[in-house]
Amino acid sequence: MSQMVLQSISNELKECKYFAILADETKDVTKTEQLSIMVRYFYNSTINERFLGFAPCSSLNAQALFNYIECTLANCSIDINNCVAQTYDGAAVMSGKVNGVQAIFQRQVPQAIYTHCYNHRLNLVVVDICKNIPEINTQFIELQKKHCPKSKCVELKSISETRWICQIAACIAIKRTLPIILLLLNKVSLETKYEKSLEANYLQKSDSDLSSSSSLVNALILHLNEYRNNIEKFKTFILCKIAIIIPPSSAGVERTFSSLRQIKTYLRNHMCNEKLTSVAILKIEKRISKGLDLDIVVDKFASIHNNRRIML
């Protein structure tokens, strides 16, 4: 099923042609470095960020990370030469101008411009300001004391079915954060069924762009059929399309880390990476997964295994 999801993503990319790449790495429960890879593209009048899978990294140098990205794109039948942008965090191995992943990527695909994730840049700016301007640091501390009297962060916890003593911690966390939970649930309930999502998706939507080019694209879409024969207008459309493909943030990749920790847990730590990636694709790209024709899925499964008992 995961291969059918990837094939659907590949087909969309072939139609829209241009895409951007997002990547970031994290450790799973077995301390294995997992490289999460996503693509961003403009299709059917919307910006899409699609997950391609996790790649276990035995080496973390720039050339090895680039090879993992290149191999993942090739396995998904995606032409790397159609990549127009790349977005990573500010780690030296990713952003290095000489031997970083982005530099190696640009040597092979010159038009793939690099964007340092603006969320990470904002965080670096705030941290630097607090370190160098005592007044600002004091102001943040006062705000924290005013709005969060207890400096310790409160996290919601799942209720343990085996350890009864752990349930009190979950109840205390809900009691302390109940007003915030109710506020968030109220906001989510007001969204349409297509816009409902988890808190992370609500705060960091994937349809953000670097400039006001999206409004220009919307105007061009309305009149695209009229201007099809006008080469200059069509070129303008392509340029605007590329402009909004450029990712301003790698937040979409970091959201996949939550799914990684939910799938590969302490009790499932021997899960092979192929199974991990397949389950993660079905979970993260659940809208595409739910749209699959189950009859085709069963027929494909039967043809692969060639077991007569499946036909009974």
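Our subject is the structure that appears above.
Computed from a predicted model, the values in this text were never measured in an experiment.

Peer 1: Honestly, the nonpolar core in this entry has me stumped. Any pointers?
Peer 2: Among the nonpolar cores identified, the biggest contains 49 residues, and I69 and F105 are the most heavily contacted of them. Ranked by the residues each element gives to this core, the list is headed by helix α2 (residues 62-75), at 7 residues. Not counting chain neighbours up to four residues away, the residues in contact with F105 comprise I21, F66, I69, I80, C83, Q86, Y88 and A112. Grouped together as the second largest cluster of nonpolar side chains are 8 residues, A20, A85, I244 and I245 included.

Peer 1: When you look at the side chain of N82 in this model, what are you seeing that I'm missing?
Peer 2: Position of N82 among the secondary structure elements: in the loop between α2 and β4 (83-88). Residues contacting N82, with those up to four places away along its chain left out, are K17, Y18 and F19.

Peer 1: Any chance you could explain helix α1 (residues 2-16) here in plain terms?
Peer 2: Since the α-helix turns once every 3.6 residues, residues separated by three or four places project in the same direction. With 15 residues, α1 extends 21 Å between its outermost C-alpha atoms, agreeing within 8% with the 21 Å of an ideal straight helix rising 1.5 Å per residue. Of all the residues in α1, the buried ones are S2, M4, V5, L6, I9, S10, E12, L13 and C16. A positive backbone phi angle near 75 degrees is found at K17, which sits one or two residues after α1.

Peer 1: I tried to follow the sheet that holds strand β5 (residues 113-116) on my own but got confused; where do I start?
Peer 2: Remark on secondary structure: sheet strands pair via backbone hydrogen bonds, oriented parallel or antiparallel. Ordered in space as β3-β2-β1-β4-β5, the 5 strands form an open sheet in which the pairing is mixed. The open sheet has two edge strands, β3 (46-56) and β5, and neither has a second partner. The mean inter-strand angle of the sheet, taken between neighbouring strand axes irrespective of direction, is 25 degrees. The pairing of strand β2 (residues 33-43) with β3 spans 10 bridges and is antiparallel. Bridging across to β3, Y41 finds its partner in N48. Sheet contacts for helix α4 (residues 101-108): β1 (19-27), β4 and β5; angle to β4, the most-contacted strand, approximately 175 degrees.

Peer 1: Would you explain α2 in this entry?
Peer 2: With 14 residues, α2 ought to run about 20 Å at 1.5 Å a step, and its terminal C-alpha atoms sit 20 Å apart, in line with that. Buried within α2 are the following residues: A62, A64, L65, F66, Y68, I69, T72 and L73. Its side-chain oxygen 3.2 Å from the backbone nitrogen of Q63, N61 forms the N-cap of α2. Count one or two residues on from α2 and you reach S77, which has phi positive near 60 degrees.

Peer 1: Sorry, what's going on with the packing of aromatic side chains here?
Peer 2: Here a ring pair, both rings aromatic, is described through the centre-centre distance and the interplanar angle of the planes. Tallied over the full model, the rule gives 3 aromatic pairs. Relative to Y114, the ring of Y88 has its centre 5.9 Å away and its plane inclined at 25 degrees; by these criteria the two rings are stacked. Of this pair, Y88 sits in strand β4 while Y114 sits in strand β5, and the two are 26 residues apart along the sequence. A relative accessible area of 0% places Y88 in the buried class. The lysine or arginine in question, R121, covers the ring of Y118, its NZ or CZ lying 4.8 Å from the ring centre.

The rules behind each value
- Residues numbered from 1 in each chain as written.
- Predicted model: local features only at pLDDT ≥ 70, side-chain atom pairs only at ≥ 80, totals over all residues.
- Heavy atoms only, no water.
- Core = buried A, V, L, I, M, F, W, Y, C linked by side-chain atoms within 4.5 Å.
- Buried < 20%, exposed > 50% of the residue type's maximum accessible area, 1.4 Å probe, protein only.
- Helix = DSSP H or I, 4+ residues; strand = E, 2+ residues; numbered from the N terminus.
- Contact = heavy atoms within 4.5 Å.
- Expected span 1.5 Å × (residues − 1).
- Pairing = 2+ DSSP bridges.
- Axes fitted to C-alpha atoms, helices over the stretch in contact; angles between N-to-C directions.
- Polar contact = N/O pair within 3.5 Å; in protein donor to acceptor, adjacent residues only side chain to side chain.
- Phe/Tyr/Trp six-rings, centres within 6.5 Å; stacked < 30°, edge-to-face > 60°.
- Lys NZ or Arg CZ within 6 Å of the ring centre and 35° of its normal.

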